[in-house]
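# Chains, contacts and geometry: an overview
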Amino acid sequence: MFKTASMLGMAFLGVTGAALAAGNAELGQAKAEVCAACHGPDGNSIALPAPADPWPKLAGQLPEYVIKQVHDFKSGRRKNEQMSPQAQGVAEADLADIAAYFAKQKMTANEVSDKDLLAKGEQIFFKGKGRPQVVPACIGCHGRSGEGNRDWGKLMSKVPTVLAPAIGGQHANYLEKQLKAYKDGSRNNDEAKVMRDITARLSDADITAVAEYAATRGN
């Protein structure tokens, strides 16, 4: 699906140091209160319509992925006007606990009524795209329900070894914004350029459709 086994190894190694800390979800509940204003007390943030900058859901998210993203915001590798300064205030001693708490919550799926759009998104999610712009199916990394690659740490010898986040039930406008950011290069913290390479082969209409479909999945 991706370029080379060595690149996949790089993708794994790039998150190992940031993501292997095991947190305490019970301790994380109190520590996560500061996150609740945007992300919701249980990690299910409210849906913000455009032009507001959507707040992602963190419920059910892989703790390793949450840890990596906070580290990227801290270092400036990923930028957001709201989250970049907030990340600076998250103590390393608390981060794993917060991530563990949100990981134990259940992400609620969304309802979308445009059946034609869902059908197109479902096609890409489960089967990808064929020539001339070949795109691998989303389920290869993100799972059938969009639950994320939860066994990534055990799969160094198998594809995929990338740390693919949970996307099932995420806000469609947030997913769409992130996919378009990968496409135009304004977001570039994906290891081995995996998502940048994939989104380069998706049209804006493809992105809208697959984001809408992923939003209806549950993990």
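You'll find the structure just up there.
Residues numbered from 1 in each chain as written. Predicted model: local features only at pLDDT ≥ 70, side-chain atom pairs only at ≥ 80, totals over all residues. Heavy atoms only, no water.

### Section: the overall build of the protein
Per the secondary structure count, the protein includes 11 helices and 0 strands. Reading the protein from its N end, one meets helices and strands in the order α-α-α-α-α-α-α-α-α-α-α. Relative to its 219 residues, the protein shows a buried fraction of 49%. Here the contacts in the protein between residues at least 6 apart in sequence split such that 70% fall between residues at least 24 apart. Summing over all exposed atoms, the protein offers an accessible surface of approximately 11,000 Å²; the carbon and sulfur share of this is 55%. (Helix = DSSP H or I, 4+ residues; strand = E, 2+ residues; numbered from the N terminus. Buried < 20%, exposed > 50% of the residue type's maximum accessible area, 1.4 Å probe, protein only. Contact = heavy atoms within 4.5 Å. Areas by Shrake-Rupley, 256 points an atom, 1.4 Å probe, with all protein chains shown as cover.)

### A word on the environment of Gly60
One can find Gly60 in the loop between α3 (36-39) and α4 (63-75). Along the backbone, Gly60 and Pro165 are 105 residues apart, and their C-alpha atoms lie at a distance of 9.6 Å.

### Comments concerning helix α11 (residues 204-214)
When you tally the buried positions in α11, you get 8 out of 11 residues, the bulk of the element. Along α11, the positions that sit buried rather than exposed are Asp206, Ile207, Ala209, Val210, Ala211, Glu212, Tyr213 and Ala214. Contacts from the buried residues of α11 go to α7 (115-127) and α9 (172-184).

### Observations concerning the pattern of salt bridges
All chains considered together, the criterion is met by 12 salt bridges. Across the salt bridge formed by Lys68 and Asp72, the nearest N and O atoms sit 2.6 Å from each other. A residue pair is termed a helical-turn pair when its members lie 3 or 4 positions apart in one helix, as Lys68 and Asp72 do in helix α4 at 4 residues. Of the two residues, Lys68 and Asp72, neither departs from the other in class, the shared state being buried. In this structure, the salt-bridge partner of Asp206 is Lys120, at a minimum N-O distance of 3.4 Å. In this pair, Asp206 is assigned in helix α11 and Lys120 in helix α7, connecting sequence segments 86 residues apart. Using a relative accessible area of 5% as the deciding quantity, one classes Asp206 as buried. Salt bridges sharing common partners tie together Lys68, Asp72, Arg77 and Glu191. (Salt bridge = Lys/Arg side-chain N within 4 Å of Asp/Glu carboxyl O.)

### Describing α4
With 13 residues, α4 should reach 18 Å at 1.5 Å per residue; the first-to-last C-alpha distance of 18 Å fits that figure. Listed in full, the buried residues belonging to α4 are Glu64, Tyr65, Val66, Ile67, Lys68, Gln69, Val70, Asp72 and Phe73. Backbone geometry just after α4 places Gly76 at a positive phi near 90°. (Expected span 1.5 Å × (residues − 1).)

### Regarding the nonpolar core
Core analysis: the biggest nonpolar cluster contains 27 residues, and Phe125, Ile198, Leu202 and Val210 have the highest contact counts within it. Only α7, α9, α10 (194-199) and α11 provide two or more residues apiece to this core. Tallying contributions element by element places α11 first for this core, with 5 residues. Those residues in contact with Val210, other than ones at most four positions away along the chain, are Gly121, Ile124, Phe125, Cys138 and Leu179. One finds Ala87, Leu95, Ala99 and Tyr101 within the second-largest nonpolar core, a separate group that totals 15 residues. (Core = buried A, V, L, I, M, F, W, Y, C linked by side-chain atoms within 4.5 Å.)

### A look at the packing of α4 against helix α6 (residues 92-103)
Orientation of α4 relative to α6, taken along the N-to-C sense of each, is 140°, at an axis distance of 8 Å. The angle between α4 and α6 falls in the class oblique. Crossing geometry of α4 relative to α6 is assigned as right-handed. Contact residues: α4 offers Pro63, Val66, Ile67, Val70, His71 and Lys74, while α6 offers Glu92, Leu95, Ala96, Ala99, Ala100 and Ala103. Of the residues assigned to the contact of α4 with α6, the class counts are 9 nonpolar, 1 polar and 2 charged. (Axes fitted to C-alpha atoms, helices over the stretch in contact; angles between N-to-C directions. Parallel < 35°, antiparallel > 145°, perpendicular 65-115°, else oblique. Left-handed = near helix turned anticlockwise from the far one by under 90°. Nonpolar A, V, L, I, M, F, W, Y, C, P; charged D, E, K, R; others polar.)

### Some words on the packing of α7 against α11
α11 packs onto α7 with a crossing angle of 90° between their chain directions and a minimal axis gap of 7 Å. Considered as vectors, α7 and α11 are oriented roughly perpendicular to each other. Where α7 approaches α11, its residues Leu117, Leu118, Lys120, Gly121, Glu122, Ile124, Phe125 and Phe126 are matched on the opposing element by Ala205, Asp206, Thr208, Ala209, Val210, Glu212, Tyr213 and Ala214.

### Considerations on the side chain of Ser84
By the secondary structure assignment, Ser84 is in helix α5 (residues 83-88). On the accessibility criterion, Ser84 (17% relative accessible area) is buried. Looking at Ser84, its side chain comes within polar contact range of the main-chain nitrogen of Asn80, at 2.9 Å. Contact partners of Ser84, with chain neighbours within four places excluded, come to Phe73, Arg78 and Lys79. (Polar contact = N/O pair within 3.5 Å; in protein donor to acceptor, adjacent residues only side chain to side chain.)

Coordinates in, geometry out; function isn't part of it.
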